[in-house]
Amino acid sequence: MRIGSMVKFYTLCLLKEGPKHGYDLLTQLKVKLDSGISTSQVYPFLASLEKHGYIAVKRTGQRGKKVYRLTAEGQLFVNGFLQRFGDLVHLALEPKLRSCTHCGCKLLEGGVQERMGGRKLTFCCHHCAGSFRKMHH
Ligand SMILES: [Zn+2]
């Protein structure tokens, strides 16, 4: 099964949080996506998840409102999907990461820049910069 859109991505994330009414699901999707999304995308996706056995649908209350819940199989599916998504994000960020010259830890932003021996070096913190200076001067 392919995850083709942000709507589907967020639907899976929200279901992972816990069982949701269809209405709550839509409301929270609208908040997350910050735009008018149409139910035409969400309900077929939910039906497809149900067909694959990834979610269970229960009717509650007098008006028979539907509650969607991930099954154990669905949890595995979402975890696997999020894992792959995480790997992609990591791949996308990797070239932007700098390393601390002293301890080697990865820095996405911030850090400490110090000039030493005519070179501008990056450290995660002043402690690392100080230790590096002691070791090399
Ligand atoms: Zn460091």
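Note that the structure is a prediction, hence the values are computed from the model and not measured.

Colleague: Mind laying out the confidence of the model for the protein chain, listing which residues take part and the relevant values?
Modeller: For the protein chain, mean pLDDT is 87; residues scoring 70 or higher make up 92% of the total. Model confidence for the protein chain, summarised as mean pLDDT per element, is weakest for helix α2 (residues 22–33) at 85 and strongest for strand β3 (residues 65–70) at 94.

Colleague: A description of the pattern of salt bridges should follow, citing residues and the corresponding values.
Modeller: A full pass over the atoms with the stated rule returns 3 salt bridges. Ionic pairing is found between Glu17 and Lys20, a salt bridge with its closest N-O pair at 3.4 Å. A relative accessible area of 54% places Glu17 in the exposed class. Of the charged contacts, one joins Lys106 and Glu94 as a salt bridge, the two residues approaching to 3.8 Å between their closest N and O atoms. Placement of Lys106 in strand β5 (residues 106–107) and of Glu94 in the loop between α4 (72–93) and β4 (98–99) is noted, with a sequence separation of 12 residues between them.

Conventions used here
Residues numbered from 1 in each chain as written. Predicted model: local features only at pLDDT ≥ 70, side-chain atom pairs only at ≥ 80, totals over all residues. Heavy atoms only, no water. pLDDT = per-residue confidence, 0-100. Helix = DSSP H or I, 4+ residues; strand = E, 2+ residues; numbered from the N terminus. Salt bridge = Lys/Arg side-chain N within 4 Å of Asp/Glu carboxyl O. Buried < 20%, exposed > 50% of the residue type's maximum accessible area, 1.4 Å probe, protein only.

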